[in-house]
Amino acid sequence: MKFIDTQKEYEFFREDIESARNRVISSGRYLLSKETDKLEKSFSSKIVPGMHCTTVKNCTDALIIVLDRLCKERPGSPIVLPNFGAYPTTIAAANISKNLHYVDVDETYTIDASKLPDLRDGIIVPVHLFGNNCNMDEIIKYSEDNNFIILEDCAQSTGSGSGTKGSYSVFSFYPTKPLASMGDGGMICSKRERDKEWFEKYRFYGQNYKTREAEFVGINSRIDEFQASIVNSKIDKFQKLNDVRIKIAKRYKKIVKGMTTRGHCVYHQFPVMFNDRDRAIKRLREKKIPYVIHYDNHVTDFDFLNPLSYKVSNRICNSILSVPCHPFMEDNDIQKVEEFLYDFKDEEKI
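Cut-offs used in this document
- Residues numbered from 1 in each chain as written.
- Predicted model: local features only at pLDDT ≥ 70, side-chain atom pairs only at ≥ 80, totals over all residues.
- Heavy atoms only, no water.
- Helix = DSSP H or I, 4+ residues; strand = E, 2+ residues; numbered from the N terminus.
- Buried < 20%, exposed > 50% of the residue type's maximum accessible area, 1.4 Å probe, protein only.
- Contact = heavy atoms within 4.5 Å.
- Areas by Shrake-Rupley, 256 points an atom, 1.4 Å probe, with all protein chains shown as cover.
- Lys, Arg positive; Asp, Glu negative; His and termini not counted.
- Charge placed at Lys NZ, Arg CZ, Asp CG, Glu CD.
- Axes fitted to C-alpha atoms, helices over the stretch in contact; angles between N-to-C directions.
- Parallel < 35°, antiparallel > 145°, perpendicular 65-115°, else oblique.
- Left-handed = near helix turned anticlockwise from the far one by under 90°.
- Nonpolar A, V, L, I, M, F, W, Y, C, P; charged D, E, K, R; others polar.
- Core = buried A, V, L, I, M, F, W, Y, C linked by side-chain atoms within 4.5 Å.
- Patch = residues over 30% accessible without salt bridge, like charges linked within 9 Å, V, L, I, M, F, W, Y side chains within 5 Å.
- Salt bridge = Lys/Arg side-chain N within 4 Å of Asp/Glu carboxyl O.

Once that is clear, we can look at the overall build of the protein chain. Secondary structure summary: the protein chain contains 10 helices and 9 strands in total. Dimensions of the protein chain, computed from the C-alpha atoms along their principal axes, are close to 65 × 55 × 30 Å. Here the protein chain holds 350 residues, and the buried ones make up 57% of them. For the protein chain, the proportion of contacts with a sequence separation of at least 24, taken over those separated by at least 6, is 70%. By element, 47% of the accessible surface of the protein chain is carried by carbon and sulfur atoms, the whole surface being about 15200 Å². Taking the 52 positively charged and 50 negatively charged side chains of the protein chain as two groups, their mean positions are separated by 2 Å.

This is the structure:
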């Protein structure tokens, strides 16, 4: 059993991927060409209707680029982030600003909208973690009342419906994500059409790609045509894989509560909190079931990411771990995980 099976995903998409790869090789164009353009248009119409999309090298770059844009428009803006989740979100923010403010997450593992800080004129980054959805209705109300700009981090939630309620959103095509490349890749989405031209220049050193005229200091952050073509080859079918994840998760949730879901959760991971995680890990090892601890530290545990010395009140990291929930699991593997969960259902930390 594997925790995630990228090889089987390749087999599932093999014909489409090989066709896409050959198309790129035959074209002789490997950067910022037809596949990149096609992906931006397809993503805009199929994943985030009404948004203007710009591909970049990875999702961390996507966050840095958008935050740089916003902090240039609003110097000194406070940036509000969840204190729990994957570190790249906060690392991106820390590259741009030290005015970082953290908020605990709730039972959905997304930012607790009831604890948003009394700040104004800032940027809030709701992270749709584990394929789950943030409480966007309350976040939108907060942003309207406090003049905040919303930048949604949808790296783990492609296909959940996230990414269209904020002014901006970012997505990841990392190989383990719901809509995955076979390398790195990211997408910036904006409600403002004029932002797209600026993002396109920023990813190309600050130059106009056609004229090569340098206008400002940017970075080199281009998705290559091979990775763009792979995402293109999956974009019409990846929801089928999300549907399988959801079916597996529903089987697990007949045994344990797991995370509280909101909206159309696509279960990028299936995390469970245990009162005695060490004992659970020992049993998983005995049964040869792979697991991952998502995540073993809060962001605020790192002094260099926590300049305001935010204190964590929700110690999720001490008890959480994720069990396999990928779309290529054999039924006997799913049953093994179910048996483990059944043995430990009374020790779940709810």
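At their nearest, the axes of helix α3 (residues 59-73) and helix α6 (residues 193-202) sit 11 Å apart, and the two run at 120° to each other. Classified by the interaxial angle, the pair formed by α3 and α6 is oblique. Regarding α3 and α6, the two cross each other, and that crossing is right-handed. Of α6, the residues touching α3 (which contributes I65, V66, D68 and R69) are R194, D195, W198, F199 and Y202. Of the residues belonging to the contact of α3 with α6, the class tally is 5 nonpolar, no polar and 4 charged.

Another aspect to go through is the nonpolar core. Grouped together as the largest cluster of nonpolar side chains are 35 residues, with contacts concentrated most on F84, Y109, Y252, F270 and F340. Listed by contribution, the elements that provide at least two residues to this core are α8 (238-253), β8 (270-273), α9 (277-286), β9 (320-323) and α10 (331-344). Counting residues per element, this core draws most heavily on α10, which supplies 5 residues. When neighbours within four sequence positions are excluded, F340 is seen to be in contact with F274, A280, R283, L284, K287, I289 and V323.

This part covers a nonpolar patch on the surface. Taken together, the side chains of I25, Y30 and L31 present a nonpolar region at the surface, about 260 Å² in accessible area. Mapping L31 onto the fold places it in the loop between α1 (6-27) and α2 (34-46). Taking the relative accessible area as the measure of exposure, L31 reaches 34% and is therefore partly exposed.

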